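Observations on chain architecture
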Amino acid sequence: MSTVAESYDRLAQGYDADYGTPMNRAEEREISRLVEPYTRGTLLDAGCGTGLLLDMLPTIAGYTGVDLSAGMLEKHKQKHPSRVAHRADAWSGLQKFHNIVSLFGSPSYSSVVEVTDGLRNRLRPRGNFFLMPYAAGRTKTAATGEHLVDAHAALWYDTSAAEWQASLKTIGARNVVVRGFNLLGSKRLLRAEAPLAHRFPDRCQYLIITGVM
Ligand SMILES: C[S@@+](CC[C@H](N)C(=O)[O-])C[C@H]1O[C@@H](n2cnc3c(N)ncnc32)[C@H](O)[C@@H]1O
């Protein structure tokens, strides 16, 4: 079993509780507003975890979740029993989708090339993507939860916005926008700092990367 799967199997039980603060809720409200346009047609939730995307937008029709962690998928099944979610590597596989969404760090457990090749292979023509890898400026202080173990130790936080841009250009992605997203604790603050996050994405906690194949 991969290290990622083992780590998230350990985290799964307390995962939703760890991310249940008012600050997390404010982030989620903002992200659900931003990701909503990427949910029409079939959708791959890449690294779906315990099903946050469905928690935020429960009526998404063409949903498929994949995750490496059986523990996270078990929680997903408890919360969303009628939804398709299975154990697989998000960035390999043959089925194609209109949209690929990968929230709150899920793309950062694979190399940039694995992720961008996955987008190229798994998106239908003119398919859209919405990715949230960790930004290079992420601080580990963001990961302070009761149940959190050192799942982040093996991660690299040094993939810059420019590296994502370059890799997406290589695969021919269009309309690519890479911006930053921060944990600031309220919808108003998140909105207020958005222009700064656009300008200094590598200083943020997450990147938000959108585009079309
Ligand atoms: C930080 S959690 C985020 C989960 C969920 N997207 C959310 O926002 O709550 C990262 C998840 O990505 C999964 N993951 C990491 N790499 C993956 C891969 N290559 N394929 C499938 N799942 C992956 C992990 O098992 C974990 O559940």
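Heads up: the structure comes first, above all this text.
Cut-offs used in this document
- Residues numbered from 1 in each chain as written.
- Predicted model: local features only at pLDDT ≥ 70, side-chain atom pairs only at ≥ 80, totals over all residues.
- Helix = DSSP H or I, 4+ residues; strand = E, 2+ residues; numbered from the N terminus.
- Buried ≥ 20, exposed ≤ 12 C-beta atoms within 10 Å, placed from the backbone.
- Contact = placed C-beta atoms within 7 Å.
- Near = placed C-beta within 6 Å.
- Nonpolar A, V, L, I, M, F, W, Y, C, P; charged D, E, K, R; others polar.
- Core = buried A, V, L, I, M, F, W, Y, C linked by C-beta atoms within 7 Å.
- Axes fitted to C-alpha atoms, helices over the stretch in contact; angles between N-to-C directions.
- Parallel < 35°, antiparallel > 145°, perpendicular 65-115°, else oblique.
- Left-handed = near helix turned anticlockwise from the far one by under 90°.

Regarding the environment of R83
- Within the element layout of this structure, R83 appears in the loop between α4 (70-79) and β3 (84-87).
- Residue classification places R83 among the partly exposed positions, given that 17 C-beta atoms sit within 10 Å.
- R83 sits 18 residues away from G65 along the chain, and the two C-alpha atoms are 8.1 Å apart.
- With near-sequence residues (within four places) excluded, R83 lies in contact with L54, Y63 and G65.

Details of the site of the ligand
- As a matter of local geometry, the ligand sits amid 21 residues, with G47, G49, L52, F104 and Y109 nearest to it.
- Elements with a minimum of two residues in the shell around the ligand: α1 (3-18) and β2 (62-67).
- Broken down by element, the shell around the ligand gets its largest block of residues, 3 residues, from α1.
- In terms of residue class, the shell around the ligand is made up of 13 nonpolar, 6 polar and 2 charged.

Structural notes on the nonpolar core
- Counting residues in each nonpolar core, the largest one holds 47 residues, and the members touching the most others are I100, V101, M132, Y206 and L207.
- Not counting residues up to four positions away in its chain, the partners in contact with I100 are L44, A46, L119, R122, L123 and F129.

A short note on the packing of helix α5 (residues 112-122) against helix α6 (residues 161-170)
- As a packed pair, α5 and α6 sit with axes 10 Å apart at the nearest point and diverge in direction by 40 degrees. Comparing the axis directions of α5 and α6 gives the class oblique. Handedness of the α5/α6 crossing: right-handed. Across the interface between the two elements, V112, V113 and T116 of α5 pack against E163, W164, S167, L168 and T170 of α6.
- When grouped by side-chain class, the residues that make up the contact of α5 with α6 number 4 nonpolar, 3 polar and 1 charged.

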